[in-house]
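So you can see what is in the structure, the chains are spelled out below.
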Amino acid sequence: MAVFTAVSLDDLSQWIKQFPLGRALALEGISSGIDNSNFFLTVERGEFVLTIFENLAFEQLPFYVQLMRHLAQRGIPVPAPVPNADGELVVTLHSKPAIIVSRLSGASQLDPQPAHCAEVGTMLARMHLAGRDFALNQPNLRGLDWITATAPTVMPLISEPEAALLRNEVAFQRDFAGTATYAALARGPVHADLFRNNVMFEGERLTGCFDFYFAGVDTWLFDVAVTVNDWCVDLATGILDEARVQALLAAYHAVRPFTLEEHAAWLPMLRAGALRFWLSRLYDLHIPRAAELLTPHDPTHFERILRARIERGAPELPT
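Starting from 1, residues in each chain are numbered consecutively following that chain's sequence as written. Only residues with pLDDT of at least 70 get local features here, since the model is predicted, and only at 80 or more are side-chain atom pairs given and counted; chain-wide, interface and lining totals rely on the full set of residues. Side-chain numbers come from the whole structure's heavy atoms, not from hydrogens or water.

1. A closer look at the overall build of the protein chain
Each helix is a run of H or I in the DSSP string that is no shorter than four residues. Each strand is a run of E no shorter than two, and both are numbered from the N terminus. Each helix and strand in the protein chain was counted, giving 10 helices and 9 strands. A compact globule built from 319 residues would reach a C-alpha radius of gyration of about 20 Å, and the protein chain, at 20 Å, matches this within 12%. For the C-alpha atoms alone, the extent of the protein chain along its principal axes is close to 55 × 45 × 35 Å. Out of the 319 residues belonging to the protein chain, those deemed buried represent 53%. By sequence separation, contacts in the protein chain at least 24 residues apart represent 74% of the contacts at least 6 residues apart. The globule rule used for comparison is 2.2 Å times the number of residues to the exponent 0.38, while the radius of gyration itself is calculated over C-alpha atoms. A 1.4 Å probe rolled over the protein chains alone gives each residue an accessible area, and that area as a share of the maximum for its type sets the label: buried under 20%, exposed over 50%, partly exposed in between. Residue contacts follow a heavy-atom distance rule, with two residues in contact if any of their heavy atoms lie within 4.5 Å.

Quick look at the structure:
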């Protein structure tokens, strides 16, 4: 469980009065996530989620918060930020930025089948299209610049086979990012972390997605790749399940057809998505941060995924 900043009901007794929510009745730490402190918050007006940002500054947060509001206003099932009496969405709690958002119904689907993956593909394509007219612009903070800067800090702490893979993949991604194919990829706001535990279902019906705090402007195909690398893999081996892959990609393609450049970039983007999460997990494991309760994710999971993409490729995008 990741709770970096402890919060009690007593802490909220006065603070909550700035919101049109009534008294705070219950507060429960959320176990998922390792970058923010998250709590289920019960108030007189219903169920919400309280997030305290541990790494993002006030000036960085308007992109994430306004993106959620923008998408919610266009019918995408995402948490809606709650403004305080002054219309502010981000406010200070324990000297850190904090936000309250609506709580989604349903539960995470941790054993997805093709039908779930199709729902995710449809929603992701709708999200990308809905973000086309979003006015704010912030780069993906875990994109290639971050990868290039972070990899050297991890290299001395891992085995030589791991370091060799990391060096080679960073070089591959830097080379690919300089190509005309990469430059032609469609771009816009992306979720960039659409894992199984960030999507809610009731049965086979998708009821919402959340945790936009890694969002940024990047290629839409990178977002698809990150999603496929989680929703469509065999967890033990990292190998893609073709039925789930095809279900997700076909559903996405039906809403926003893939371009010729995206077909050419598909495998490099799958590798880029695996590299991003392998490196962040290596960093969290070897350079840990203080938290009340924190168990870093296993980096070898995404090492397996990266090696599988390099060695086995992937099913083609639909045409």
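2. Section: helix α10 (residues 300–312)
In an α-helix, one full turn covers 3.6 residues, which means residues spaced three or four apart are oriented alike. Taking 1.5 Å as the rise per residue, α10 with 13 residues should run 18 Å; its terminal C-alpha atoms sit 17 Å apart, in good agreement. If you follow the buried residues of α10, they end up packed against α5 (160–177), α7 (220–231) and α9 (260–286). Count one or two residues on from α10 and you reach Gly-313, which has phi positive near 70°. Expected span of a helix: the number of residues minus one, times 1.5 Å.

3. Some remarks on the packing of helix α4 (residues 144–154) against α9
As a rule, the C-alpha atoms of each element are fitted with a line to give its axis, helices using only the stretch in contact, and angles between N-to-C directions run from 0 to 180 degrees. As a packed pair, α4 and α9 sit with axes 10 Å apart at the nearest point and diverge in direction by 40°. Between α4 and α9, the crossing angle belongs to the class labelled oblique. The crossing of α4 and α9 is left-handed. Of α9, the residues touching α4 (which contributes Trp-146, Ile-147, Thr-150, Ala-151, Thr-153 and Val-154) are Leu-275, Arg-276, Leu-279, Ser-280, Leu-282 and Tyr-283. Each residue is assigned to one class: nonpolar for Ala, Val, Leu, Ile, Met, Phe, Trp, Tyr, Cys and Pro, charged for Asp, Glu, Lys and Arg, and polar for all the others, Gly among them. Of the residues belonging to the contact of α4 with α9, the class tally is 8 nonpolar, 3 polar and 1 charged. Each angle is binned into one of four classes, with values under 35 degrees roughly parallel, values over 145 roughly antiparallel, values of 65 to 115 roughly perpendicular, and all other values oblique. A clockwise turn of the near helix away from the far one marks a right-handed crossing, whereas an anticlockwise turn of less than a right angle marks a left-handed crossing.

4. Some thoughts on the pairing of strand β2 (residues 36–43)
Side-chain direction in a regular strand flips from residue to residue, so the side chains alternate between the two faces of the sheet. Burial analysis of β2 places 6 of its 8 residues in the buried class, which makes it a mostly covered element. Here strand β1 (residues 24–29) pairs with β2 via 5 bridges, running antiparallel. Across the sheet, the residue bridging to Leu-27 is Leu-41, located in β2. In this sheet, strand β3 (residues 46–53) lies alongside β2 in antiparallel orientation, the contact comprising 8 bridges. The residue bridging Thr-42 from the neighbouring strand is Glu-47, located in β3. Following DSSP output, two strands are said to pair if at least two bridges run between them.

5. Brief notes about α9
Look at α9: 40 Å from first C-alpha to last across 27 residues, which is about the 39 Å you get at 1.5 Å a residue. Bend, at a single residue, is the angle you get between axes fitted to the 7 residues ending at that residue and the 7 residues starting at it. The sharpest bend along α9 measures roughly 55° and falls at Trp-266, with the proline Pro-268 sitting one to four residues further on. The buried fraction of α9 is high, at 19 of 27 residues.

6. Things to note about unusual backbone geometry
Although it is not a glycine, Ser-95 sits at a positive phi angle of roughly 65°. Within the element layout of this structure, Ser-95 appears in the loop between β4 (91–93) and β5 (96–102). Ser-95 sits in the exposed class, given a relative accessible area of 69%.

7. Focus on the pattern of salt bridges
Pairing between side chains of opposite charge can happen when the charged atoms of each approach one another. A pairing counts as a salt bridge when a side-chain nitrogen of Lys or Arg comes within 4 Å of a carboxyl oxygen of Asp or Glu. In total, this model carries 11 salt bridges according to the counting rule given. Note that Asp-133 is salt-bridged to Arg-74, the shortest N-O span being 3.4 Å. Remark: Arg-74 occurs in the loop between α2 (61–73) and β4 and Asp-133 occurs in the loop between α3 (114–130) and α4; sequence separation between them is 59 residues. The partner of Arg-307 in a salt bridge is Glu-303, and the shortest N-O contact between them spans 3.1 Å.

8. Considerations on the packing of α4 against α5
Helix packing for two helices is described by the angle between their axes and how far apart those axes are. Where α4 contacts α5, the axes come no closer than 11 Å and their chain directions differ by 150°. By the angle between their directions, the pair α4 and α5 is classed as roughly antiparallel. In this structure, α4 meets α5 at a crossing whose hand is left-handed. On the side of α4, the interface is formed by Leu-144, Ile-147, Thr-148 and Ala-151, while α5 contributes Leu-166, Val-170, Gln-173, Arg-174 and Ala-177. In terms of residue class, the contact of α4 with α5 is built from 6 nonpolar, 2 polar and 1 charged.

9. Looking at the environment of Gly-216
Looking at where Gly-216 falls in the secondary structure, it is placed in strand β9 (residues 216–219). When its relative accessible area of 0% is taken as the criterion, Gly-216 is described as buried. Once residues lying within four places of it in the same chain are set aside, the contact partners of Gly-216 are Phe-63, Gln-138, Pro-139, Asn-140, Gly-188, Pro-189 and Val-190.

10. Some details on the nonpolar core
In a soluble, globular protein the nonpolar side chains are often hidden away together inside. In this structure, Leu-166, Phe-212, Val-228, Leu-249, Trp-266 and Met-269 are the most contacted members of the largest nonpolar core, which totals 81 residues. Apart from residues no more than four positions distant in its own chain, Val-228 is found in contact with Val-233, Leu-240, Val-245, Leu-248, Leu-249, Trp-266 and Leu-270. In these notes, a set of buried Ala, Val, Leu, Ile, Met, Phe, Trp, Tyr and Cys residues joined through side-chain atoms within 4.5 Å is what counts as a nonpolar core. In this structure, Leu-21, Leu-41, Leu-50 and Ile-100 belong to the second largest nonpolar core, which totals 18 residues.

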